[in-house]
Amino acid sequence: MIKTYKCRAKLSCSGHEALSRVFGMCATLYNACLEERIDYYKKTGKSRSYYDQCKALTEVRADDPEYADISVQVFRGVVGRIDKAYKLFFQKMGAKEKAGFPRFKSSRRWRTIEINDQCWQMLKRQGDKLVLRIKGLPRIEVKTKRELPPNALLKAIRITKKPLRTEVALSYEVPVPETKPLNNPVGIDMGISKRLTTSNGETVEKREIDRKELKRLQRSVSRKKKGSNNRKKAVLLLGKEWQRVADKERDYLHRLSAEIVKMYDFIVVEKLKTKNMLRNGNLARSIQEQTWGKFITLLNEKAESAGVIVVAVNPEGTSQECSSCGAVVKKDLSTRVHRCNCGLVLDRDVNAAINILHRGISVAGGRLKQSRMVGRMRDKQGVALARPRTVEVTV
Ligand SMILES: [Zn+2]
C-alpha cells in the first residue's frame, strides 16, 4: 500500500529560480518526446515506448551538458509522464470515453517534478532537518509536522509549485493493516440540500463557499489589459484565493471522512456515475458529484489505513424503496418524508441511506465473513468493492 505525505518545501530565493529553470527544461523535454512519438508513428505506424525514449534521453544528455548536469531520474519522470498520458488516451479510446490527445505544454505552466525510481537516497537527515538532495536541483528543506514512517521505503517524490507554496509529496510503501471484525456498519446517502445523511439518521449540512472575494478578484483581472504586468499580478492573486478556497474545502473533507472512518467499520456509499452520464444539464448535481467523488476518495484512503471496509453500490431507486418491506413508494423530490403502507414513516434521506446499507451488506456480507481479502473481490453485476490504492495525509 502506498501512503503519500504532503509536506511544505523551503527554498532560498535563488533556489526558486533554479527550480523554475528545471521546470522549463522538463516542459521542453516533454514537448520533444511528444513530437518524437508523433513523428515516429507517422513514419513507421508504430509507437515509441517508455524504454525507447529513455534510451533517447541518454543520447540527449550525452550531447547537452545542461541536461547532463541534472539527475537523470528527474527527466525519466517526464518521459514516464508522457507515457502515462498516451496510455490513458488509448485506454479511454478503447472504453469509448471522451479522450483528448496529449497536448504540448507551455513551459510557463510546468509546475511538477516527479521522481519514481531509486529516490530513497535523495531524502537526507541533516541534524534535525530533512533535506532533499537531488543532482542539479537546489537544496530543498522538507517541513513536516507528522512523523514519517520510520522503516518504510520511499517510492516516489513529487515537487509541485503552487500559488501559495511549493509542496513536496513523499510516497512510501507501507504494510496493509488487517481488516477489523464488523459490528458497526453504516450506509450514506448524498443529498442536494444536505451534504450527507447516514442510515443512523445523522446529517451533515452543506457549507456554502464564500465567493465574494473570488468574484472581486475575477473582476479585477478582467479590468486589466491583456498581457500587462498588472494583469499578471491580478491573476496571481486570483490563483492564491482559489487555492485558499480549495484548501479549506479539502481540509473539511479530510476531517469529515476521518470522523466517519473512526465511527464505523463497514461503510456503504453510492457508486458515482461516470463522467459521460453526467451530461444531463443538472449543474448542481454534477458539481455535487465532483465533491462527493473527492470525499469518497478520501474515505477510501483513510479506510484502508484503518482496516475499515468501504463498498460502493448502485443507488438507483433507493429513495423510492421502503427500507422495511421493500415496496416501491413513488415520491418526487419535494416529498421529504417516506410513508409506506407497512407503517414505516421515516425521513426520506434516512430511508435511502438504510437501503444503501442493505445493498452493501447483500453485495459483500456473505463473503466478508469468509474472506479478509476484500479488496480483490468484485461483484458480477459490476458492483465493485472500492479498492483504495493511495493514501494522502496532509501535514
Ligand atoms: Zn414498507
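Residues numbered from 1 in each chain as written. Predicted model: local features only at pLDDT ≥ 70, side-chain atom pairs only at ≥ 80, totals over all residues.

**Observations concerning the packing of helix H1 (residues 13-44) against helix H4 (residues 72-94)**
Two elements in contact, H1 and H4, have axes whose closest approach is 9 Å; the angle formed by their N-to-C orientations is 45°. Taken together, the axes of H1 and H4 are oblique relative to one another. In this structure, the crossing between H1 and H4 has a hand that is right-handed. Here Val22, Cys26, Leu29, Tyr30, Cys33, Leu34 and Arg37 of H1 lie close against H4, whose contacting residues are Val74, Phe75, Val78, Val79, Arg81, Ile82 and Tyr86. (Axes fitted to C-alpha atoms, helices over the stretch in contact; angles between N-to-C directions. Helix = DSSP H or I, 4+ residues; strand = E, 2+ residues; numbered from the N terminus. Parallel < 35°, antiparallel > 145°, perpendicular 65-115°, else oblique. Left-handed = near helix turned anticlockwise from the far one by under 90°. Contact = placed C-beta atoms within 7 Å.)

**Here we look at the environment of Ala56**
Mapping Ala56 onto the fold places it in helix H2 (residues 50-63). Along the backbone, Ala56 and Glu36 are 20 residues apart, and their C-alpha atoms lie at a distance of 10.0 Å.

**Quick notes on the sheet that holds strand S12 (residues 309-313)**
On the basis of which strands lie adjacent, the open sheet formed by five strands has the order S10-S9-S8-S11-S12 and mixed pairing. Across the chains shown, the open sheet's two edge strands, defined by having one partner strand only, are strand S10 (203-205) and S12. Here the average twist between neighbouring strands, direction ignored, is 20°. When strand S8 (residues 185-190) meets strand S9 (residues 194-198), the two strands line up antiparallel, connected through three bridges. (Pairing = 2+ DSSP bridges.)

**What to know about the pairing of strand S3 (residues 123-126)**
When a strand is regular, its side chains alternate between the sheet's two faces. In terms of strand pairing, S3 meets strand S4 (residues 129-132) through four bridges, oriented antiparallel. Across the sheet, the residue bridging to Gln126 is Lys129, located in S4. Taking the residues between adjacent antiparallel strands as the criterion, S3 and S4 are bridged by two residues, where Gly127 takes a positive phi near 65°.

**A closer look at the confidence of the model for the protein chain**
Should pLDDT be low for a region, the predicted coordinates there are not to be read in detail. Counting all residues, the mean pLDDT for the protein chain is 84, and 87% of those residues have values of 70 or more. Low confidence marks residues 369-395, where pLDDT is under 50. Its contacts with residues over four positions away, or in another chain, come to 50 contacts. (pLDDT = per-residue confidence, 0-100.)

**A short note on the nonpolar core**
If you look at the biggest cluster of nonpolar residues, it comprises 30 residues, and the most contacted ones within it are Ile188, Ile267, Val268, Leu299, Val310 and Val311. Among the elements of the structure, S8, helix H6 (229-263), strand S11 (266-270), helix H7 (283-306), S12 and helix H8 (348-370) are those that each provide at least two residues to this core. If you tally residues by element for this core, the top one is H8, at eight residues. (Core = buried A, V, L, I, M, F, W, Y, C linked by C-beta atoms within 7 Å. Buried ≥ 20, exposed ≤ 12 C-beta atoms within 10 Å, placed from the backbone.)

**Side note on the packing of H2 against H4**
Close contact between H2 and H4 brings their axes to 10 Å; oriented N to C, the two are set at 145°. In this structure, H2 meets H4 at a crossing whose hand is right-handed. On H4, the residues that touch Tyr50, Gln53, Cys54, Leu57 and Arg61 of H2 are Val72, Phe75, Arg76, Val79, Gly80 and Asp83. Its residues placed into classes, the contact of H2 with H4 shows six nonpolar, two polar and three charged. (Nonpolar A, V, L, I, M, F, W, Y, C, P; charged D, E, K, R; others polar.)

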